[in-house]
Amino acid sequence: MTNLTAFFAHNKKQNGNIKRAVSKSFVDEQGKPIEWEFAPVSPERDAELKSDSTKRSMIMQGKRKGQYNTDFDHFKYQRLLTVESIVFPNLNDKELQDSYKAMGADALLGKMLTIGEIADASAAAQEANGYEADLEDMVEEVKN
């Protein structure tokens, strides 16, 4: 029989934040890319992000009239998870948003990074949140 105490809360290893240089556009004094910091989100916050990425619409005709379709927008969820996971730089900083003439963290991210850099940030956010997907798997998913 295994030792149940290994599963007690005080014995659980905590996921730490991870750092990645997702852009070559932001460099330090030595010209090295500055690392961005990503943290895992709580399961409660993740549920909110999934809910924000889900749309229900009533079926207006046919045999299923009056029932609902539930559509999950995976791309919106991934973007929200990425934005939520970034702790440095602080995308909610008013001065940073003002410097890009952006309102909100999501809009700011879109102005700060290229689409390729956003994909790198998304991969880092997934890693911070415990997803073990290979980059090749993510590329295939985006193609489909």
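Each remark here, short or long, concerns the structure printed above.
Thresholds applied
- Residues numbered from 1 in each chain as written.
- Predicted model: local features only at pLDDT ≥ 70, side-chain atom pairs only at ≥ 80, totals over all residues.
- Heavy atoms only, no water.
- Pairing = 2+ DSSP bridges.
- Helix = DSSP H or I, 4+ residues; strand = E, 2+ residues; numbered from the N terminus.
- Axes fitted to C-alpha atoms, helices over the stretch in contact; angles between N-to-C directions.
- Contact = heavy atoms within 4.5 Å.
- Parallel < 35°, antiparallel > 145°, perpendicular 65-115°, else oblique.
- Nonpolar A, V, L, I, M, F, W, Y, C, P; charged D, E, K, R; others polar.
- Buried < 20%, exposed > 50% of the residue type's maximum accessible area, 1.4 Å probe, protein only.
- Core = buried A, V, L, I, M, F, W, Y, C linked by side-chain atoms within 4.5 Å.
- Salt bridge = Lys/Arg side-chain N within 4 Å of Asp/Glu carboxyl O.

## Looking at the sheet that holds strand E1 (residues 18-20)
Sheet architecture is open: three strands sit in the order E1-E2-E5, paired in antiparallel fashion. Looking along the sheet, the strands with just one partner apiece sit at the ends: E1 and strand E5 (86-88). Here the strands of the sheet are splayed against their neighbours by 40° on average, with no regard to which way each runs. In the sheet, E1 pairs with strand E2 (residues 36-38) via three bridges, with the strands oriented antiparallel. Bridge pairing in E2 places Ile-18 opposite Phe-38. Across the sheet, helix H5 (residues 115-128) touches E1 and E2, and the angle it forms with E1 is around 165°.

## Notes on the packing of helix H2 (residues 74-85) against helix H4 (residues 105-112)
In contact at an axis separation of 10 Å, H2 and H4 are set at 90° when each is read in the N-to-C sense. By the angle class used here, H2 and H4 are roughly perpendicular. Each of Arg-79, Thr-82 and Val-83 in H2 lies in contact with H4, whose residues at this interface are Ala-105, Asp-106, Leu-109 and Gly-110. Of the residues belonging to the contact of H2 with H4, the class tally is three nonpolar, two polar and two charged.

## Considerations on the side chain of Ser-85
Relative to the helices and strands, Ser-85 resides in helix H2. Overall, Ser-85 belongs to the buried group, its relative accessible area being 0%. In contact with Ser-85, other than residues within four places in its own chain, are Glu-37, Phe-38, Ala-39, Val-41, Ala-125 and Asn-129.

## Description of the nonpolar core
Grouped together as the largest cluster of nonpolar side chains are 18 residues, with contacts concentrated most on Trp-36, Phe-38, Leu-91, Leu-109 and Leu-113. The set of elements that each furnish at least two residues to this core consists of E2, H4 and H5. Here the element with the most residues in this core is H5; it accounts for five residues. Residue contacts for Phe-38: discarding those within four places in its chain leaves Asn-17, Ile-18, Arg-20, Val-22, Ser-85, Ile-86, Val-87, Ala-121, Ala-124, Ala-125 and Ala-128.

## Looking at the packing of H2 against H5
Contact pair H2 / H5: the axes reach a minimum separation of 9 Å and the direction vectors enclose 75°. With respect to H5, the axis of H2 lies roughly perpendicular. Across from Gln-78, Arg-79, Leu-81, Thr-82 and Ser-85 in H2, the residues of H5 making contact are Ile-118, Ala-121, Ser-122, Ala-125 and Gln-126. Along the lines of polarity and charge, the residues of the contact of H2 with H5 split into four nonpolar, five polar and one charged.

## Section: the pattern of salt bridges
Within this structure, the stated rule accounts for six salt bridges. As a salt-bridge pair, Glu-48 and Arg-45 come within 2.7 Å of each other at their nearest N and O atoms. Note that Glu-48 and Arg-45 are positioned in helix H1 (residues 43-52) at a spacing of three residues, about one turn of the helix. Judged by its relative accessible area of 42%, Glu-48 is partly exposed.

## A word on the environment of Asn-129
Tracing the sequence through the fold places Asn-129 in the loop between H5 and helix H6 (135-143). Along the chain, Asn-129 and Pro-43 lie 86 residues apart, while their C-alpha atoms are 9.8 Å from each other. Beyond its immediate sequence surroundings of up to four residues, Asn-129 is in contact with Ala-39, Pro-40, Val-41, Leu-81 and Ser-85.

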